[in-house]
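# Structural overview
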Amino acid sequence: MRVLSYLTKLNWLIFMLAGIGLVLLSLVAIKPFPTEAFAGNKVYLPVVQNGNPYVVLGWNDLGMHCYDRDYSTLMVLPPYNNLYAQVIKRGDPPQVITTGITVEYSVPGNTYSAGKTNFWDYVFKLLGVNPAPNIGLTGKGLAGLMDPSSDHFVAQGIPVTEFPDNALTTPNYFQLAHFIVKDLAGNVLAQTDATIPVSSEMRCDKCHNTPSPTNYRMNILQKHDEDQGTVMSLQAAAGNPAVCSRCHADPVLGMPGNPNLPSLSAAVHGLHAEQTTDCYSCHPGPVTRCLRDVMSTQFGLTCVNCHVGGMTALANQNRTPWVDLPRCGNCHPAAFSENPGTLYKLSKGHGGLFCESCHNSTHAITTSREANDNVQAITLQGYAGPIGKCTVCHLTQPTSGGPHQ
Ligand code: HEC
Ligand code: HEC
Ligand code: HEC
Ligand code: HEC
Ligand code: HEC
Ligand code: HEC
Ligand code: HEC
């Protein structure tokens, strides 16, 4: 229960700081309707739309989520992906709807996680809660119903791994999640697909792989114990893995930590600032390459172009981790900025749609290097890039206005 209330507190914190609820964006594929029935409208409709009266946009709120395959020694982050969707009833004007419909999510070809990670063997010791195997910290599994919110649907804490059922040793960091919108009679109204990015490629082992101990996670605990007088390695050896955020505040888990200690982010970035400036040493990673957005592929931007000041700035104890983050508006004009005081992932633009519903998540801003990130846009409007074809949502072509006007 403790974790759940922490998670609630986290949401509350973000709510207060952001001034608005959470929303997740994902890409969607529309079930083709018979073209003949809508022949009269054809000239106004995108080819792939074929007159479908509903559109669903789906997305994962972060460009990447990392988790660990082995929680026997320590936990930085649990498996925890968040999917969002917005359903639009096409029309003049279009309408964002949440009633009279359900939205189902699944990760085709990836139906279980227990055994792909040993999280469920340790979750009670780590967090004091006991979700059933394959169920995440907020009760969601790898498939199920999304929860309706004011103007969107969300499924938080999906415990997905990067290993499809038929490829237990071949990671796929950018799998597709599938979304299905149904009316209350069970008729399919709209469908889509969006990436559910996940990776365990945190390369702590690159440096903590000393001959003794051979377990690099144990090496991390031993170093900490030597320098800070903690006894985490003994506790872990006795079957009680360490939870960093018990002592070091971590807003993303809603864990307040010990107010006299640096946050987890400040501690880890600060101590390692002299060891490396390569973010992929710990963030997934040299193989995953979580940064795949249009700015990195077409304009050469790297982590520190946006995360100005790099490791040293991240170690500043006056910033709030996960909240004091870069903003589109730092570099783009006001018409392309987030809502005031609100993170990108929570901001909304044209028609009350989340920025992420048209652009995809941070680090995956369309057009992305990864083909799966572009599936939704291509299905809906015929080309990759932000959703900009008016008739994806408007039944007839508007004569003025548009996403940023
Ligand atoms: C580029 C090499 C490198 C990588 C990658 C790396 N570390 Fe370290 N880490 C070090 C070195 C070197 C030390 C010892 C520094 C010292 O004792 O002053 C250290 C020390 C630590 C300590 C001990 C802190 C203390 O109080 O002394 C912790 C905890 C730690 N690392 C955690 C991690 C975690 C977690 C990761 C992966 C997310 C990681 N490290 C990745 C090089 C690295
Ligand atoms: C039982 C409490 C406790 C736990 C659990 C804990 N730490 Fe610490 N940690 C401390 C204390 C105390 C310090 C010393 C802080 C200081 O000197 O300001 C520290 C310091 C650090 C530092 C060095 C910060 C610096 O700037 O020198 C790093 C890095 C760190 N911890 C990482 C971790 C990681 C990673 C984990 C989880 C594997 C973890 N800690 C778990 C108590 C804890
Ligand atoms: C030594 C390992 C390590 C390196 C190197 C590293 N990070 Fe991190 N980073 C972490 C860990 C561990 C967390 C998760 C902390 C948590 O759960 O709050 C994190 C979290 C973050 C966060 C989210 C929390 C926050 O403070 O807002 C950002 C942003 C971030 N890192 C950016 C970067 C950038 C940019 C670089 C390269 C300049 C980098 N990191 C390099 C280990 C590292
Ligand atoms: C084009 C700018 C840009 C680049 C390049 C970039 N980031 Fe970010 N990053 C952001 C923004 C903006 C946010 C905050 C997103 C939000 O407000 O929801 C963010 C957030 C994060 C977070 C917090 C989790 C999340 O997704 O919100 C981490 C961790 C992070 N970045 C790491 C990195 C690393 C590592 C790199 C390089 C591999 C990188 N970033 C490159 C803009 C960028
Ligand atoms: C560090 C500055 C910086 C930040 C922060 C930043 N951008 Fe950019 N962005 C650029 C630059 C530079 C370009 C290259 C073209 C230009 O100047 O418009 C670009 C280009 C783009 C493009 C492509 C335009 C095209 O011509 O294809 C999009 C879309 C975009 N950014 C969206 C975003 C979003 C969304 C965010 C926030 C999540 C963001 N940017 C944050 C600097 C930034
Ligand atoms: C209805 C879809 C839609 C929504 C919602 C939306 N955008 Fe856009 N955005 C677009 C399209 C299409 C473009 C490219 C054409 C243009 O520049 O208008 C674009 C372009 C951009 C660019 C690149 C500007 C440049 O300099 O080239 C940025 C940055 C951006 N949007 C940020 C945002 C932010 C932040 C939000 C949320 C507050 C948002 N967008 C909401 C569709 C959308
Ligand atoms: C992804 C869906 C989507 C796309 C793409 C989109 N819109 Fe919209 N638009 C909406 C929604 C939703 C509303 C909100 C309707 C309302 O409740 O007022 C809206 C409202 C409007 C309005 C004000 C209400 C009205 O219909 O008079 C105008 C004008 C408009 N859009 C023009 C455009 C233009 C021009 C484009 C293409 C350049 C465009 N939109 C692309 C979803 C979209």
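Described below are features of the structure shown in this document.

Definitions and cut-offs
- Residues numbered from 1 in each chain as written.
- Chains lettered and ligands numbered in written order.
- Predicted model: local features only at pLDDT ≥ 70, side-chain atom pairs only at ≥ 80, totals over all residues.
- Buried ≥ 20, exposed ≤ 12 C-beta atoms within 10 Å, placed from the backbone.
- Helix = DSSP H or I, 4+ residues; strand = E, 2+ residues; numbered from the N terminus.
- Arc of directions from axis to C-beta.
- Near = placed C-beta within 6 Å.
- Nonpolar A, V, L, I, M, F, W, Y, C, P; charged D, E, K, R; others polar.
- Pairing = 2+ DSSP bridges.
- Contact = placed C-beta atoms within 7 Å.
- Axes fitted to C-alpha atoms, helices over the stretch in contact; angles between N-to-C directions.

Listed as buried for helix α2 (residues 119–127) are F119, Y122, V123 and L127. Within α2, the buried residues cover an arc of 135° as seen down the axis, which keeps them to one side. One or two positions beyond α2, positive phi appears at G128, with a value near 75°.

On to unusual backbone geometry. Following D92, the chain continues into P93 via a peptide bond in cis, with omega recorded as 5°. If you trace the backbone, P93 turns up in the loop between β4 (81–89) and β5 (95–97). In this structure, the amide linkage connecting T366 to the following residue, T367, adopts the cis form with an omega of -5°. For T367, the position within the fold is in the loop between α9 (355–359) and α10 (371–381). Despite not being glycine, N134 has its phi angle at roughly 75°, a positive value. By the secondary structure assignment, N134 is in the loop between α2 and β7 (144–145). On the basis of neighbour count, N134 is assigned to the partly exposed category, with 17 C-beta atoms found within 10 Å.

So, on to the site of ligand 4. Near ligand 4, the surroundings consist of 22 residues, among which C303, C306, L343, Y344 and K345 are the closest. For the shell around ligand 4, the secondary structure elements donating two or more residues are α6 (294–299) and α7 (303–306). Looking at the shell around ligand 4, its residues break down into 12 nonpolar, 8 polar and 2 charged.

Our focus in this paragraph is the site of ligand 2. In the vicinity of ligand 2 lie 17 residues, with C244, C247, A267, G270 and L271 positioned nearest. At the level of secondary structure, the elements contributing two or more residues to the shell around ligand 2 comprise α3 (216–228) and α5 (264–272). Among the residues making up the shell around ligand 2, the classes are represented as 11 nonpolar, 5 polar and 1 charged.

A few words on the sheet that holds strand β2 (residues 65–66). Whether parallel or antiparallel, the strands of a sheet pair through hydrogen bonds between backbone atoms. Pairing in this open sheet of 5 strands is mixed, and the strands run β2-β11-β10-β6-β7 from one edge to the other. Each edge of the sheet is formed by a strand with only one pairing partner; in this case those strands are β2 and β7. Note: strand β6 (residues 101–106) against strand β10 (residues 174–183), 6 bridges, orientation antiparallel. What sits directly across from Y105, in β10, is F179. Across the face of the sheet, α10 comes into contact with β10 and β11 (188–199) while running at roughly 160° to β11.

What is shown is where atoms sit, not what they do.
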